[in-house]
Amino acid sequence: QVQLVESGGGLVQPGGSLRLSCAASGDTLSRYAMGWLRQAPGKEREFVAAITSVGGSIYYSDSVKGRFTISRDNAKGSVYLQMNSLKSEDTAVYYCAAGPSASSAARNNDFVYWGQGTQVTVSS
């Protein structure tokens, strides 16, 4: 199995940017599709983005497409989420996740592993 630890969350004003990082350990990262999920208070867990095991294909939710960018560095065992033009609606706990298929995760949110989460708050 793989262990995931997120970092980079914090408080940012609307229109600002944050870069989240995910450090993986316990397995070779290239074996997994990777992604990001988020959960706002009182709401269901929401798919944000996914990337295939070697980075060939990327999937985004409609709410973040054009503003967020997912990337990975398998040699470093890291996954990133660059978040630009942030809105108050983006406020949530963000989770890094791993699974067998990026396309399946985008459709069904069926990641197998996830981290502890990092808080992102967008407020003036």
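Coordinates for the structure precede this section.
Residues numbered from 1 in each chain as written. Predicted model: local features only at pLDDT ≥ 70, side-chain atom pairs only at ≥ 80, totals over all residues. Heavy atoms only, no water.

Asker: What is the right way to read the sheet that holds strand 8 (residues 78-83) from this model?
Answerer: Picture the strands of a sheet paired through backbone hydrogen bonds; they go either parallel or antiparallel. Pairing is antiparallel in the open sheet, where four strands are placed in the order 1-3-8-7. Across the chains shown, the open sheet's two edge strands, defined by having one partner strand only, are strand 1 (3-7) and strand 7 (68-73). Direction aside, neighbouring strands of the sheet carry axes that sit 15 degrees apart on average. Taken together, the six bridges between strand 7 and strand 8 define a ladder with antiparallel strand orientation. When the bridges of strand 8 are listed, Asp73 appears paired with Ser78. (Pairing = 2+ DSSP bridges. Helix = DSSP H or I, 4+ residues; strand = E, 2+ residues; numbered from the N terminus. Axes fitted to C-alpha atoms, helices over the stretch in contact; angles between N-to-C directions.)

Asker: It is not clear to me how unusual backbone geometry should be interpreted in this structure. Could you clarify?
Answerer: Leave glycine aside and you will find that most residues have negative phi; peptide bonds, for their part, are mostly trans. One non-glycine residue, Ser85, adopts positive backbone phi at about 50 degrees. By the element assignment, Ser85 lies in the loop between strand 8 and strand 9 (92-99). Taking the relative accessible area as the measure of exposure, Ser85 reaches 42% and is therefore partly exposed. Located in the positive-phi region is Asn109, a residue other than glycine, with phi close to 55 degrees. (Buried < 20%, exposed > 50% of the residue type's maximum accessible area, 1.4 Å probe, protein only.)

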